[in-house]
Amino acid sequence: MNNDVEDAYDPFGDNEDDYTISPRLNVHWLLGTLGTKPHAITKLVAIPIMCPADQTVATNNDHLVQSEDPEHPANLIPELCRKFYNWGWVTGTGGGTSIRQGDHIFIAPSGVQKELMQPNNIFVLQWPTPKYPASDRNYIRKPLKLNPSACTPLFLTAFEQGAGCCIHTHSQWAVLVTLLVEREKGPDACFEISNIEQIKGIPRGKGKGMLGFFDTLKIPIIENTAFEEDLTSGLKAAMNKYPDTYAVLVRRHGIYVWGDNTAKAKTQCESLDYIFQLAVEMHKLGLPWVK
Ligand SMILES: CSCCC(=O)C(=O)COP(=O)(O)O
Ligand SMILES: [Zn+2]
């Protein structure tokens, strides 16, 4: 990537080498690690610098987002977002992706061009973490002058369900089906479609295999809110009402799709987007979605 693109992405002049986290969280993290991973002591004891109470702690957990492995979440999230941008899923800073790897959650920054993200722009949360209040979330790696995605509580809700990855898109096909369903079936209706081969790309429910050609795929739709964070209760309610769903549409906004791992979340999101585009075209031709 040339410097122009990096400058355009990083208007704050973010220092890649340091960042701040709360003293309380840092002490907790250090003691926990000392107690369980003696081989890590030298590295970790050398890193944190404690400040007086109520001040921030300068530390350096950059190793959490530095890896040569292209499958490492800190490399994978930027790579996936570049693809998603080209597919019209995360344009104009909207949408995003989060991945859980073991007891770490990797989260993108808020309000940035997602397709230009770099591994050093990624936040890391210790999992499990309190979801609310937001100030209680256990960030153990936090880039300077960037805020974590507003989608964070929604991603955490998917991880609470056992997801390994959650993708949020602003796909126009997803938005269009929410409008068509509302007009044709009312505000409480789900998106439903059957007898389409790509339905086989969507799970029937956790541990229940995949939907079959003759099954009816149902995706719940929730109403949009003024702020992304405020979608969380609607997402949770839809998950409770449809415990087998791996996706929730958001009217006039987009969709959240999750999967047991990153590959499943991505392929499920691709299958759904294909189905939504097909559904819009079918509707234009006067073809019914359910046979
Ligand atoms: C024009 S994007 C509006 C915010 C939004 O809907 C979204 O998905 C992006 O949130 P983030 O905080 O991750 O930038
Ligand atoms: Zn959004």
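Residues numbered from 1 in each chain as written. Chains lettered and ligands numbered in written order. Predicted model: local features only at pLDDT ≥ 70, side-chain atom pairs only at ≥ 80, totals over all residues. Heavy atoms only, no water.

By the naming in an unreviewed UniProt entry, the protein chain is Methylthioribulose-1-phosphate dehydratase, taken from Penicillium thymicola. We quote the UniProt Pathway (unreviewed entry) comment for the protein chain here in full: "Amino-acid biosynthesis; L-methionine biosynthesis via salvage pathway; L-methionine from S-methyl-5-thio-alpha-D-ribose 1-phosphate: step 2/6." Here the protein chain is described in UniProt, under the heading Sequence similarities (unreviewed entry), as follows: "Belongs to the aldolase class II family. MtnB subfamily." (UniProt positions renumbered as here; feature names shortened; annotations may be inferred.)

> I would appreciate a short explanation of the side chain of Thr-178 in the present structure.
Following the sequence through the fold, Thr-178 ends up in helix 6 (residues 172-185). Aside from chain neighbours lying at most four places away, what touches Thr-178 is Ile-221, Leu-249, Val-250, Arg-251 and Arg-252. (Helix = DSSP H or I, 4+ residues; strand = E, 2+ residues; numbered from the N terminus. Contact = heavy atoms within 4.5 Å.)

> Teacher, can you tell me more about the UniProt feature "binding site: substrate" (unreviewed entry) in the protein chain here?
As annotated in UniProt, the feature "binding site: substrate" (unreviewed entry) corresponds to Cys-151 in the numbering used here. By secondary structure assignment, the location of Cys-151 is in the loop between strand 6 (139-141) and helix 5 (152-160). Residue classification places Cys-151 among the buried positions, given a relative accessible area of 4%. Ignoring any residue separated from it by four or fewer positions in sequence, one finds Cys-151 in contact with His-168, Glu-228 and Tyr-256. (Buried < 20%, exposed > 50% of the residue type's maximum accessible area, 1.4 Å probe, protein only.)

> What is the right way to look at the coordination of the zinc ion (ligand 2) in this model?
A four-donor tetrahedral metal ideally has 109.5 degree angles, and a six-donor octahedral metal ideally has angles of 90 or 180 degrees. The protein atoms donating to the zinc ion (ligand 2) are His-168 (NE2), His-170 (NE2), Glu-228 (OE) and His-253 (NE2), with metal-donor distances spanning 2.0 to 2.6 Å. Classification of Glu-228 by relative accessible area gives buried; the value is 16%. (Donors = N, O, S within 2.8 Å, 3.2 Å for Na, K, Ca; no water.)

> Help me understand the state of the cysteines in this model?
All told, the structure shown has zero disulfides when counted by the stated rule. In this structure Cys-81 is a free cysteine whose sulfur lies 9.5 Å from that of Cys-165, the closest cysteine sulfur available. Judged by relative accessible area, which is 0%, Cys-81 ranks as buried. Among the cysteines around Cys-151, which has no disulfide bond, Cys-166 carries the closest sulfur, lying 8.4 Å off. (Disulfide = S-S within 2.5 Å.)

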